[in-house]
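Coordinate analysis (summary)
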Amino acid sequence: MASEASLPTTAEEYNYSAFTRSTTQGMSTWFRNTVRVGELAPDFTLTALDGTPVRLSDLRGKYVVLEFGAIT
Amino acid sequence: MREPHPGEHYGPHRSFAQKLQYARDCCAQDGIRTRVVVDDLDGTMHRAYGLLPNMVYILDREGRVVYKAMWTDHTEVAAVLANLLWAEEQQAQGIRVKPSYVERYVYLPATYDPALRERVFARAGPQARCDYERVFGSAS
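Residues numbered from 1 in each chain as written. Chains lettered and ligands numbered in written order. Predicted model: local features only at pLDDT ≥ 70, side-chain atom pairs only at ≥ 80, totals over all residues.

1. Structural notes on helix 5 (residues 126-136) of chain B
Residues and elements named next belong to chain B. What counts is decided by this rule: Any residue whose C-beta has 12 or fewer other C-beta atoms within 10 Å is treated as exposed, any with 20 or more as buried, and any in between as partly exposed, C-beta atoms being built from the backbone. Secondary structure elements are defined from DSSP: runs of H or I of at least 4 residues count as helices, runs of E of at least 2 residues count as strands, and each element is numbered from the N terminus. Think of it as the arc spanned by the lines of direction from the helix axis to the C-beta atoms. Distance between backbone-placed C-beta atoms decides contact: two residues are in contact if it is within 7 Å.
Within the span of helix 5, buried status applies to Ala-128, Asp-131 and Tyr-132. Within helix 5, the buried residues cover an arc of 100° as seen down the axis, which keeps them to one side. For helix 5, the elements touching its buried residues are helix 4 (114-124). Looking one or two residues beyond helix 5, the residue adopting positive phi is Gly-137, at roughly 85°.

2. Let's talk about the environment of Lys-68 of chain B
One can find Lys-68 of chain B in strand 3 (residues 65-70). The class for Lys-68 of chain B is buried, based on 25 C-beta atoms found within 10 Å. As for Lys-68 of chain B and Tyr-105 of chain B, which are separated by 37 residues in sequence, their C-alpha atoms are 9.2 Å apart. Ignoring anything within four residues of it in the chain, the contact list for Lys-68 of chain B reads Val-37 of chain A together with Met-55, Tyr-57 and Glu-103 of chain B.

3. Structural notes on the nonpolar core
Applied cut-off: The nonpolar core criterion groups buried Ala, Val, Leu, Ile, Met, Phe, Trp, Tyr and Cys residues into a set whenever they are joined through C-beta atoms within 7 Å.
Membership of the largest hydrophobic core comes to 27 residues, with the highest contact counts inside it found for Met-55, Tyr-57 and Leu-59 of chain B. Among the secondary structure elements, those contributing two or more residues to this core are strand 2 (55-59), strand 3, helix 4 and helix 5 of chain B. Ignoring anything within four residues of it in the chain, the contact list for Met-55 of chain B reads Phe-68 of chain A together with Tyr-49, Gly-50, Lys-68 and Met-70 of chain B.

4. Concerning the pairing of strand 2 of chain B
This is how the line gets drawn: Each pair of strands is called paired provided DSSP finds at least two bridges between the two strands.
Taken across its 5 residues, strand 2 of chain B has 5 buried, putting it largely inside the fold. Sheet topology note: the strand 3 (residues 64-67) of chain A/strand 2 of chain B ladder contains 4 bridges and is antiparallel. Counted as the bridge partner of Glu-67 of chain A is Val-56 of chain B from strand 2 of chain B. Here 5 bridges tie strand 2 of chain B to strand 3 of chain B, and the two strands are oriented antiparallel to one another. In the strand pairing of strand 3 of chain B, Met-55 of chain B is matched with Met-70 of chain B.

5. A look at the sheet that holds strand 2 (residues 53-55) of chain A
Strand order in the open sheet made by the 3 strands is 2(A)-1(A)-1(B), with antiparallel pairing throughout. The strands lining the two open edges of the sheet, one partner per strand, are strand 2 of chain A together with strand 1 (37-38) of chain B. Here strand 1 (residues 45-48) of chain A runs beside strand 2 of chain A; their pairing, made up of 3 bridges, is antiparallel. When the sheet's bridge partners are listed, Thr-45 of chain A is paired in strand 2 of chain A with Arg-55 of chain A.

Set out below in structure tokens:
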């Protein structure tokens, strides 16, 4: 992971209101330091569009593609 | 994940219900048919996976990362999945195959899919374009 100093600490910092140069800084470091090939992917439970929970570890036995996105 | 280019029409997430609605809008507008799940307002899952804006991971049947890349290349993702299935077939036939571990970090043209960028700016609102051009310039 990136150094703690560069990470947003609150939901408001995380959900910034304007894209700025600082938004783009440190990406290569983040890429290198985040979960790596060969490692177990961190488990999570997220909400599907119909409101039902989806747990990653329930998908064991299948290949899984995780693609990150947003509407903007 | 969070909105990378918030604007007047689609601003930053301020509630989980809003974030969920944005995801529903995105699927409806873009015709997305894959399973979509929504992170919490703090981005807990996004942080655990590196906080980057356009990541793609492929996990094997045991849940281990076998591929990760910044920016999604669907052709490459399809090729990796095909290769994984091919390897399983070989192993099922008793043929030994060796894994090759790759993490891709490459530079792509800044003009990567400009039509998509224009559509995103139009959808987000004028502020999204202004902020982007303030960082990268109007020609990039």
